[in-house]
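Observations on chain architecture
Letter by letter, the chains look like this.
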Amino acid sequence: MLQNFQKPTASLFSLIILTLLFTWPTHAQICSCAGAPLLGTQSSGASEAGNVLIGVTYEFNQITNLYTGSEQITNDSANRNTQSALIEINYGITDRLSASGTFSYVRKQRTSGIGTPGETQTSTTAGIGDGIALLRYTLLPQSLWNRYYIAAGGGVKAPIGSTTLNNPNGRRFNADMQPGTVATDGVLWSNLGLNFLPISTINLSLTNSYRLTGTNERFVEGDDYRFGNEFISILGLSDTITDRISYKLKARYRSTSSDERNDNVLPNTGGKWITLIPDLYITTSDQTSIKLSGQIPLYHELNGLQPSTTYAVSASFFININSSQNTFIHANN
């Protein structure tokens, strides 16, 4: 994706307009412990018509820290972790239009009573999580004559995950312990890119996503639960280390507001998070690559009293079934 510095004005104007359109919503919502990281793991998609890009990701999220607002307090009540396995399949319909589907399996574990020796109790749930189907279109491809990249898309989060798991006493687990949500959500997505060739091999990117959540009936008819809408914005800087090794340093802003039950706002849900995410990419062959990633929380502003991520680590494997003879492009765009 070579670029030069010709015709920057119109491209920069388009980039700014698209950024404003996709970052406009300011009242994003969702429980900090709900489901798998479907939006946060999306790759850049298939690069050419007929290409198939398949990615498999494992993520471990340790949730031990306890916050009230932005203040961390002593956690003597419970800790938890979430493990997620995700499969993402991208297909290039044309050189500019691609379709993708992401499927998840989620395992959640919560240990309560950690402040009282001998009184701890561990609960575990596992099952199929929700999925996402997206269509993405490249509005402005990078080329020898253009160093900017703009893509946009939209789709739905499909309610295929389980929400009926019970504890050993036969009582249904709360929504934050269920693998799925049984709600259909609308999704908007955008990706902006800029490189600095021939001066530098550094690339900048800005990826935004917004999820408008639906409502599901939790226990009985008329008992409606709605996770909050979710907005994620990821600013990234990437560069090559060697011909087969590259890195990407990302700052992720995630904003949610409170969940609702029967149109009543629930306390101790929603908030704002800023997270540093370093990625290391290793190209293992012309068609395969590996991504190793971590998450370092930098800032929290939570509604009420909530547990939040202490750290997270993930590993991904990508394979490109390329119908053309073009060079393989992995998920680090």
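Check the entry above for the structure.
Now for a quick tour of the structure. These figures come from a predicted structure and were not determined experimentally.

About the thresholds
- Residues numbered from 1 in each chain as written.
- Predicted model: local features only at pLDDT ≥ 70, side-chain atom pairs only at ≥ 80, totals over all residues.
- Heavy atoms only, no water.
- Helix = DSSP H or I, 4+ residues; strand = E, 2+ residues; numbered from the N terminus.
- Buried < 20%, exposed > 50% of the residue type's maximum accessible area, 1.4 Å probe, protein only.
- Contact = heavy atoms within 4.5 Å.
- Areas by Shrake-Rupley, 256 points an atom, 1.4 Å probe, with all protein chains shown as cover.
- Polar contact = N/O pair within 3.5 Å; in protein donor to acceptor, adjacent residues only side chain to side chain.
- Patch = residues over 30% accessible without salt bridge, like charges linked within 9 Å, V, L, I, M, F, W, Y side chains within 5 Å.
- Salt bridge = Lys/Arg side-chain N within 4 Å of Asp/Glu carboxyl O.
- Phe/Tyr/Trp six-rings, centres within 6.5 Å; stacked < 30°, edge-to-face > 60°.
- Lys NZ or Arg CZ within 6 Å of the ring centre and 35° of its normal.
- Pairing = 2+ DSSP bridges.

1. Remarks on the overall build of the protein chain
The number of helices and strands found in the protein chain is one helix and 20 strands. Counting across all 333 residues of the protein chain, residues that qualify as buried make up 47%. Of the contacts formed within the protein chain by residues at least 6 apart in sequence, a portion of 67% connects residues at least 24 apart. For the protein chain, the computed accessible surface area is about 15,800 Å², with 59% contributed by carbon and sulfur atoms.

2. Focus on the environment of Asn167
Tracing the sequence through the fold places Asn167 in the loop between β8 (148-158) and β9 (185-195). Along the chain, Asn167 and Ser123 lie 44 residues apart, while their C-alpha atoms are 7.4 Å from each other. A distance of 2.9 Å separates a polar atom in the side chain of Asn167 from the backbone nitrogen of Asn169.

3. Concerning a nonpolar patch on the surface
Side chains of Val56, Ile87, Ile89, Phe103, Tyr105, Ile128 and Ile160 sit close together on the surface and give an oily, nonpolar patch of about 620 Å² of accessible area. Of all elements in the fold, only β4 (78-92) and β5 (97-112) reach the threshold of two or more residues within the nonpolar patch. Its place among the elements puts Ile89 in strand β4.

4. Side note on the environment of Asp130
Relative to the helices and strands, Asp130 is located in the loop between β6 (121-128) and β7 (131-140). Asp130 sits in the buried class, given a relative accessible area of 5%. Polar contacts involving the side chain of Asp130 include one to the main-chain amide nitrogen of Ile160, which spans 3.5 Å.

5. Some remarks on the packing of aromatic side chains
Taken as a whole and assessed by the stated rule, the structure comprises three aromatic pairs. Aromatic side chains Phe60 and Tyr311 sit 6.3 Å apart centroid to centroid with 40 degrees between the ring planes, which places their arrangement in the tilted category. Taken as a pair, Phe60 in strand β1 (residues 52-63) and Tyr311 in strand β20 (residues 311-321) lie far apart in primary sequence, 251 residues in all. Measuring from centroid to centroid gives 6.4 Å for Phe231 and Tyr253, while their planes differ by 65 degrees, and the two rings are edge-to-face. With Phe231 in strand β13 (residues 230-240) and Tyr253 in strand β14 (residues 245-256), the pair connects residues that are 22 residues apart, well separated along the chain. Directly above the aromatic system of Trp273 lies the positively charged group of Arg254, at a separation of 4.8 Å from the ring centroid.

6. A closer look at the pattern of salt bridges
Applying the stated rule across the entire model yields nine salt bridges. Put simply, Asp130 and Lys157 hold a salt bridge, and the shortest N to O gap is 2.9 Å. Here Asp130, found in the loop between β6 and β7, pairs with Lys157, found in strand β8; they are 27 residues apart in sequence, far enough to count as distant. Note that Asp185 is salt-bridged to Lys157, the shortest N-O span being 3.1 Å. Of this pair, Asp185 sits in strand β9 while Lys157 sits in strand β8, and the two are 28 residues apart along the sequence. Each of the salt bridges in this network shares a partner with another, and the network as a whole consists of Asp130, Lys157, Asp185, Arg211, Glu230 and Arg254.

7. Structural notes on the pairing of β9
Counting buried positions along β9 yields nine of 11 residues, so the element is predominantly enclosed. Relative to β9, β8 runs antiparallel, the two being bridged by 10 bridges. Bridge pairing in β9 links Tyr148 to Leu194. As paired strands, β9 and strand β10 (residues 203-212) are joined by 10 bridges and run antiparallel to one another. Paired with Asn191 across the strands is Thr207, a residue of β10.

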